[in-house]
Amino acid sequence: MHGVGLSLGGTDPLSNPYLAQLKALVHWAKPEVVSDHICFASVDGSYGHDLWPMPHCEESISHLASRIAQVQETIGRRLAVENVSSYVSFQSSTMTEWEFVGELVRRADCDLLLDVNNVYVSAHNHGFSAAEYLSAIPYERVVQIHLAGHTRENGYLLDNHGAMVSEAVLDLFRAVAMKCPEARVIVEWDEKVPPFEKLLEEVHRVEQSTQVESP
Amino acid sequence: MRLKQLQRVFWETVRTEPGPEEQDLVFASSPSMNARDCASIYRRMYWYRQIDALFDVFPTTAEVLGSQRFTELCTTYIAQNPSEHPALEQLGRHLPQFLAAKDRLASGCAAVEWAQLKALTAPDNPRGLTVNDLYESETTHARAAAAMHIVEVERDIAQRFIAIDDASEPAVMLRVARAGFTVRIARVPAFATSAYTRLTKGDLFAAVCAELASTPEGTARASSEIGDWIRYEWVTVLQG
Ligand SMILES: [Fe+2]
């Protein structure tokens, strides 16, 4: 069960009606994984319906960790948090994104939903190494992996969930899959959705990719 | 800068162009773009997503206004009514009212389309009408369930959604109601309009039935009308 509306990093109080409904849905559906994103989505009661990035700093970690704890306590389940793709960075960041994510999941004692395409997109946009990011992930906490397509815009990559998974992302995924073989893999495709056969083909391509030895 | 303040600057940057001066203290540049250009990606996504969501919920309204005028009006609407709900589809809740002073036809269409959205996303009926309730109609109250909305509109608005042969009627009562996973729009027949009006008020079920039976046509067709209320759970029963 995957959410986009918790606004875990937001500074508004967590929405009690939303949490109550999430709890009821989780108890009814009994999903394998309950997840949302490492981001903020509302400010002063207004919602942006986007996954806005957090500055990578101590204040963000402690803020997110306490809110993740509140969610986990309310729903009575572990929460998996997902790294987002981002298009802007902050002057107040004091650490790399992988240091931030690793410390956050340790401090919050939660699981990680690792989106490999998001790592690739952010690495390109901010000029860091996706391989270095992925070498520092606490894989014992990764319960799910996301793959998706992106598009090349004027000066940046956009995570649009509307294309095939790129070869570069598949290369990264091969290495990731070996480090957490138990994690379930989801191919996200929710823009310009092609016929179902094409989606199935894409899933098979991803499955095949882990069965081929990397050069 | 503390997190709360940083997020307010982010929000202002996304909502306004070119955004507040403080953004220069918040955002950093990327290897290929300056900080303001990076932040503006979020501004474009914000406006695109909100307006796109309104196009999704109000396709007929958009058709009436034309794509460009609809986009312009939505931009003003969103500036005045930012989303206050975690579910994006709730964004349009004030749009019919907003359009009322701008365009009568568009506002009426928006009211019908908003009723469609409400019917589609309504929770299941906790206490739908049953056959047994017919025997207790003197003591039970009945009201329209969340998945059924009654909207009264002028004829030219109704014609955007259903065929209307009768040219003499200036106003038309529409029943916008969910059946399975689709929402159906139907004209409430003349014999049933008083009964539906009572249902929207949560009246005694006996009074609703009496309205249905007040014309010969209603008496003849009451069982089919009530049968739909039971089958699709369009009516909620309130005890006492
Ligand atoms: Fe994802």
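As a starting point, this report considers the structure included with it. (Residues numbered from 1 in each chain as written. Chains lettered and ligands numbered in written order. Predicted model: local features only at pLDDT ≥ 70, side-chain atom pairs only at ≥ 80, totals over all residues. Heavy atoms only, no water.)

1. Some words on the overall build of chain B
For step 1, the next point in the chain: Check the secondary structure of chain B and you find 10 helices and six strands.
For step 2, the next point in the chain: Against the globule reference of 18 Å for 240 residues, chain B gives a C-alpha radius of gyration of 23 Å, more extended than a compact globule.
For step 3, the next point in the chain: Of all 240 residues assigned to chain B, the portion counted as buried reaches 48%.
For step 4, the next point in the chain: Partitioning the intrachain contacts of chain B with sequence separation of at least 6 by distance along the chain shows that 62% fall at a separation of at least 24. (Helix = DSSP H or I, 4+ residues; strand = E, 2+ residues; numbered from the N terminus. Rg over C-alpha atoms; globule rule 2.2 N^0.38 Å. Buried < 20%, exposed > 50% of the residue type's maximum accessible area, 1.4 Å probe, protein only. Contact = heavy atoms within 4.5 Å.)

2. Quick word on the coordination of the iron ion
Note on metal geometry: ideal angles are 109.5 degrees for four donors arranged tetrahedrally and 90 or 180 degrees for six donors arranged octahedrally.
All names here are of chain A.
For step 1, the next point in the chain: In this structure, E82 (OE), D115 (OD), H146 (ND1) and E188 (OE) serve as the protein donors to the iron ion, at separations of 2.0 to 2.4 Å.
For step 2, the next point in the chain: The sequence motif formed by the donor residues of the iron ion is E-x32-D-x30-H-x41-E. Taken as a pair, D115 in strand β6 (residues 111-115) and H146 in strand β7 (residues 142-148) lie far apart in primary sequence, 31 residues in all. Residue D115 shares its accessibility class with H146, and that shared class is buried. (Donors = N, O, S within 2.8 Å, 3.2 Å for Na, K, Ca; no water.)

3. Comments concerning the interface of chain A and chain B
For step 1, the next point in the chain: Tallying the contact residues gives 37 residues for chain A and 37 residues for chain B.
For step 2, the next point in the chain: Contact between chain A and chain B buries roughly 3,000 Å² in total, counting both sides, with carbon and sulfur atoms accounting for 59%.
For step 3, the next point in the chain: Our enumeration of links across chain A and chain B arrives at three salt bridges.
For step 4, the next point in the chain: Among the salt bridges present, the one from R8(B) reaches D44(A), with a minimum N-O distance of 2.7 Å. (Buried area = accessible area lost by both parts, 1.4 Å probe. Salt bridge = Lys/Arg side-chain N within 4 Å of Asp/Glu carboxyl O.)

4. Section: the packing of helix α2 (residues 58-75) of chain A against helix α3 (residues 97-108) of chain A
Residues and elements named next belong to chain A.
For step 1, the next point in the chain: The geometry of α2 relative to α3 is characterised by a closest axis approach of 9 Å and an angle of 40° between their N-to-C directions. When the interaxial angle is binned, α2 and α3 end up oblique. In this structure, the crossing between α2 and α3 has a hand that is right-handed. In contact with E58, S60, I61, S62, L64, A65, I68 and Q72 of α2, α3 contributes F100, E103, L104, R107 and A108.
For step 2, the next point in the chain: Along the lines of polarity and charge, the residues of the contact of α2 with α3 split into seven nonpolar, three polar and three charged. (Axes fitted to C-alpha atoms, helices over the stretch in contact; angles between N-to-C directions. Parallel < 35°, antiparallel > 145°, perpendicular 65-115°, else oblique. Left-handed = near helix turned anticlockwise from the far one by under 90°. Nonpolar A, V, L, I, M, F, W, Y, C, P; charged D, E, K, R; others polar.)

5. Focus on the sheet that holds β7(A)
Residues and elements named next belong to chain A.
For step 1, the next point in the chain: Read across the sheet, five strands follow the order β1-β4-β6-β7-β10 without closing on themselves; strand pairing throughout is parallel. For this open sheet the edge positions go to β1 (35-37) and β10 (184-188), each flanked by a neighbour on one side alone. Strand-to-strand, the axes of this sheet are offset by a mean angle of 25°, without reference to chain direction.
For step 2, the next point in the chain: Of the pairings in the sheet, the one linking strand β4 (residues 80-82) to β6 comprises three bridges and is parallel in character. Within β6, the residue paired with E82 across the bridge is L113.
For step 3, the next point in the chain: Strand contacts of helix α6 (residues 167-179): β6, β7 and β10, with the helix running at about 165° to β7, the strand carrying the most contacts. (Pairing = 2+ DSSP bridges.)

Keep in mind that these numbers describe shape and distance, not what the molecule does.
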